[in-house]
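# Structural description and commentary
Listed below are the residues making up each chain.
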Amino acid sequence: MMPVLSSTGLVLHNLGLAAGFGGSLFGKVALNPAVKVIGSKAERGQVVNAAWNGFNIVNAASVGLAAITWLVGRSRLTGREIDRTTRGLVIAKDVLLGATVALGAANIFGGAFLAKQAPEGAVPVETGLTPTAGTPEKAAKTMRALDAGGIANIAAMAGVIGITAILNMRAGTSSRWALVARFLP
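Given the structure is predicted, the values throughout are model-derived calculations rather than measurements. For every chain, the first residue of the written sequence is number 1, and numbering continues from 1 onward in sequence order. pLDDT decides what is reported in this predicted model: residues at 70 or higher carry local features, side-chain atom pairs at 80 or more are listed and counted, and totals for whole chains, interfaces and linings draw on all residues regardless. Water and hydrogen atoms play no part in the side-chain values, which are based on all heavy atoms of the structure.

## Quick look at the overall build of the protein chain
- A helix here means a DSSP run of H or I that spans at least four residues, while a strand means a run of E at least two residues long, and both kinds are numbered starting from the N terminus. Per the secondary structure count, the protein chain includes five helices and two strands.
- When the elements of the protein chain are put in sequence order from the N terminus, they spell out α-α-α-β-β-α-α.
- Dimensions of the protein chain along its principal axes, counting C-alpha atoms only, are 65 × 25 × 25 Å.
- Residue exposure (1.4 Å probe, protein chains only): buried if accessible area is under 20% of the type maximum, exposed if over 50%, otherwise partly exposed. Scored against the burial criterion, the 185 residues of the protein chain give a buried share of 37%.
- Within the protein chain, residue pairs in contact and separated by at least 24 positions form 75% of the contacts whose partners lie at least 6 positions apart.
- Charged side chains in the protein chain number 17 positive and 8 negative. The centres of these two groups are separated by 9 Å. We call two residues in contact whenever any of their non-hydrogen atoms come within 4.5 Å of each other. Counting rule applied: Lys, Arg positive; Asp, Glu negative; His and chain ends not counted. For the purpose of locating charges, the reference atoms are NZ of Lys, CZ of Arg, CG of Asp and CD of Glu.

Below is the structure:
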């Protein structure tokens, strides 16, 4: 019999990771470069800021859901239930998920700060987070920080997703885990 509560938690965890990763990756590789088609550099900034600050709600909820479901599971399981290697993977996932949450929060606050640098978020940009020669220095520094933080966040989320897949495969082949899983809600 499949544990319903644990399975639901895993599905919600994976959906949270997928939404956070997919949205962030889309923004970085598609949205940010696409605003180049807008003639006004201030309007580019306005569109980018509106889009990212709108997605931030979804991103925060998604990554928050992934973190909460992980913490609930981690309150009961350590990875030792399978073996030492799995325990190391669990700790690596703890670190990467913590980095994802911290970087996501920094990007949310940084994005809100950036949007306040001009009326209606119309900070002039070449593309996404690439400042123009006329972008105020404070805004340009914020853009560079957000760009680096965004890349680091995508990498951290990719790591969490990869480790999650490995942990799921290890659990699926572990006779020790099969015994433990019988007692999960």
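## Notes on empty space enclosed by the protein
- A 1.4 Å probe that fits but cannot get out identifies a cavity on a 1 Å grid over protein atoms alone, an open set with protein on both sides within 12 Å along at least five of seven lines counts as a pocket, and a residue lines either if it has an atom within 4 Å of a point. Grid points are joined across faces, edges and corners, and a volume is the space filled by probe spheres set on the points. In the structure shown here, the tally under the stated rule is one cavity of 30 Å³ or more.
- In this structure, the largest cavity occupies an estimated 320 Å³ of space.
- What lines the largest cavity is a set of 25 residues, among which Trp52, Asn107, Leu129, Leu146 and Gly150 lie closest to the centre.
- A total of eight residues in the lining of the largest cavity trace back to one element, the largest contributor, which is helix α2 (residues 41-74).

## Here's the deal with the pattern of salt bridges
- One side-chain nitrogen of Lys or Arg within 4 Å of one carboxyl oxygen of Asp or Glu is enough to make a salt bridge. In total, this model carries seven salt bridges according to the counting rule given.
- Its salt-bridge partner being lysine 36, residue glutamate 126 comes within 3.3 Å of it at the nearest N-O pair. Of this pair, glutamate 126 sits in strand β1 (residues 125-127) while lysine 36 sits in the loop between α1 (4-34) and α2, placing them 90 residues apart in sequence.
- Measuring nitrogen to oxygen at the nearest pair gives 2.6 Å for the salt bridge that ties aspartate 83 to arginine 170. In this pair, aspartate 83 is assigned in the loop between α2 and α3 (84-115) and arginine 170 in helix α4 (residues 137-172), connecting sequence segments 87 residues apart.
- Several salt bridges converge on common partners, so that one network encompasses Lys36, Lys41, Arg44 and Glu126.

## Comments concerning the side chain of histidine 13
- Relative to the helices and strands, histidine 13 resides in helix α1.
- Overall, histidine 13 belongs to the buried group, its relative accessible area being 3%.
- Whenever two N or O atoms come within 3.5 Å, that pair is a polar contact, provided that in protein one can donate a hydrogen and the other can accept it, and provided that, for residues adjacent in sequence, both atoms are side-chain atoms. A distance of 2.8 Å separates a polar side-chain atom of histidine 13 from the backbone oxygen of alanine 66.
- In terms of polar contacts, histidine 13 uses its side chain to reach the side chain of threonine 69, at 3.1 Å.
- With near-sequence residues (within four places) excluded, histidine 13 lies in contact with Ala66, Thr69, Trp70, Lys93, Leu97 and Thr164.

## Regarding the packing of α2 against α3
- Where α2 meets α3, the axes come as close as 10 Å, and the angle between the chain directions of the two elements is 155 degrees. By the angle between their axes, α2 is roughly antiparallel relative to α3. The element α2 and its partner α3 pack so that their crossing is left-handed. For the pair α2 and α3, the contacting residues are Asn49, Asn53, Asn56, Ala60, Val63, Ala66, Ala67, Trp70 and Arg74 in the first and Arg87, Val90, Lys93, Asp94, Leu97, Thr100, Val101, Ile108, Gly111, Ala112, Leu114 and Ala115 in the second.
- All residues other than Ala, Val, Leu, Ile, Met, Phe, Trp, Tyr, Cys, Pro, Asp, Glu, Lys and Arg, Gly among them, are scored as polar; the first ten of these are nonpolar and the last four charged. Residue composition of the contact of α2 with α3, by class: 12 nonpolar, five polar and four charged. All axes are obtained by fitting lines to C-alpha atoms, using only the stretch in contact for helices, and the reported angles, taken between N-to-C directions, cover 0 to 180 degrees. For classification, angles of less than 35 degrees are called roughly parallel, those exceeding 145 degrees roughly antiparallel, those between 65 and 115 degrees roughly perpendicular, and all remaining angles oblique. With the far helix as reference, a near helix turned anticlockwise by less than a right angle produces a left-handed crossing, and one turned clockwise produces a right-handed crossing.

## Here's the deal with the packing of α3 against α4
- The contact between α3 and α4 brings their axes to 8 Å, and the two run at 155 degrees. Taken together, α3 and α4 sit at an angle that is classed as roughly antiparallel. Handedness of the crossing formed by α3 with α4: left-handed.
- The class makeup of the residues in the contact of α3 with α4 is 20 nonpolar, 13 polar and three charged.

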